[in-house]
Amino acid sequence: MSTVALITGAASGIGAAVARRLSTGGVRCVLVDLDGEGVERLAKEVDGAWLAADVSSEEASLEAVALAERRYGRLDLVHLNAGITGRVDLAEFDLARYRKVVGVNVDGVVFGVQASVPLLARSGGGAIVATASLAGLVAFAGDPIYTMTKHAVVGLVRALAEPLAAQNIRIGAVCPGFTDTPLVAEAREMFVNAGFPLLTAEDVAAAVESAFYADTPGTLLIVQPGRQPVPYRYSGVPGPAGGQRPPSED
């Protein structure tokens, strides 16, 4: 029986690299992206199913999971990868842009988890990996709203790790540095001229595959150029004086 994966933001960049990597290993892929032409083209390349949809809509995730069940009868792996940069200027606030960024980067992950967990459970368990960012672990002053959304993704992954593990579902995230994808296309020349190394989409795809099979639920894999992916370790926070440290501070 083939493994089945659902990948959002799959038409290009990291999502496309993950789809190619998994399909090479025999995984059947369900691909989701707002770019209908791009996602259809990749689906034909990897012999997968596709859906043109906006992940900021709850219906998109529900429809994608229904497509996986209808086409392949199961779901084993979910890569919640769709994301956009913030570029929200707090001094000249654009509410529509803010809502769009939060809708894709946060709601898209929440809706993806909510929609996929029942089918993952019915399939005997599986794994969910979200694409976060180093900006989900440190303060990236260059894009505060993007940073906020990626911190939210990291928090969700950590909080869901234990309850989902009880259903035999692992959840984790990859936290890559700057990656040579369409998201950084405008700044690529600046990085190159400064001699700043960029990750390739394939680098991150390899880390995503590792994250699917991480032993520890809630694993956050840091991905940096020239280094093997490594789990991020939080140092914890002090508990109340004279009291017991709550389990969530591990």
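Residues numbered from 1 in each chain as written. Predicted model: local features only at pLDDT ≥ 70, side-chain atom pairs only at ≥ 80, totals over all residues. Heavy atoms only, no water.

## Regarding the overall build of the chain
Then step 1. On a plain count of helices and strands, the chain comes out with seven helices and eight strands.
Then step 2. In terms of overall dimensions, the chain is globule-like: its C-alpha atoms have a radius of gyration of 18 Å, near the 18 Å expected for 250 residues.
Then step 3. If one aligns the C-alpha atoms of the chain with their principal axes, the spans along those axes are about 55 × 50 × 40 Å.
Then step 4. Among the 250 residues that make up the chain, the fraction classed as buried is 49%.
Then step 5. Total accessible area computed for the chain in this model is approximately 12400 Å², and 53% of it derives from carbon and sulfur atoms.
Then step 6. The centroid of the 20 positive side-chain charges in the chain is displaced by 4 Å from the centroid of its 27 negative side-chain charges. (Helix = DSSP H or I, 4+ residues; strand = E, 2+ residues; numbered from the N terminus. Rg over C-alpha atoms; globule rule 2.2 N^0.38 Å. Buried < 20%, exposed > 50% of the residue type's maximum accessible area, 1.4 Å probe, protein only. Areas by Shrake-Rupley, 256 points an atom, 1.4 Å probe, with all protein chains shown as cover. Lys, Arg positive; Asp, Glu negative; His and termini not counted. Charge placed at Lys NZ, Arg CZ, Asp CG, Glu CD.)

## Looking at the pairing of strand β5 (residues 126-131)
Then step 1. Of all six residues in β5, six are buried; the element is thus mostly enclosed.
Then step 2. Burial of the side chains of β5 extends over both faces: G126, I128 and A130 are buried on one face and A127, V129 and T131 on the other.
Then step 3. Read as a crossover between parallel neighbours, the route from strand β4 (residues 77-80) over helix α4 (residues 95-122) to β5 is right-handed.
Then step 4. Across six bridges, the pairing between β5 and strand β6 (residues 169-176) is parallel. Considered in β6, the bridge of T131 is made with V174. (Right-handed = clockwise from strand over helix to strand, strands pointing away. Pairing = 2+ DSSP bridges.)

## Observations concerning helix α3 (residues 58-72)
Then step 1. In this model α3 runs 22 Å from its N-terminal to its C-terminal C-alpha over 15 residues, within 8% of the 21 Å that 1.5 Å per residue would give.
Then step 2. Contacts from the buried residues of α3 go to β1 (4-8), β2 (28-33), β3 (49-52) and α4.
Then step 3. Positive phi shows up at G73, right after α3, with a value of about 80 degrees. (Expected span 1.5 Å × (residues − 1). Contact = heavy atoms within 4.5 Å.)

## What about the packing of aromatic side chains?
Then step 1. As enumerated under the stated definition, the model contains two aromatic pairs in all.
Then step 2. Ring geometry for F93 and Y98: centres 5.4 Å apart, planes at 50 degrees, overall tilted.
Then step 3. In this structure F93 comes out as partly exposed when scored by relative accessible area, which is 42%.
Then step 4. Their ring planes at 90 degrees and their centres at 4.9 Å tell us that Y232 and Y234 sit as a pair that is edge-to-face.
Then step 5. Assessed through its relative accessible area of 29%, Y232 is described here as partly exposed.
Then step 6. Between R158 and the ring centre of Y234, over which it is positioned, the NZ or CZ distance is 3.8 Å. (Phe/Tyr/Trp six-rings, centres within 6.5 Å; stacked < 30°, edge-to-face > 60°. Lys NZ or Arg CZ within 6 Å of the ring centre and 35° of its normal.)

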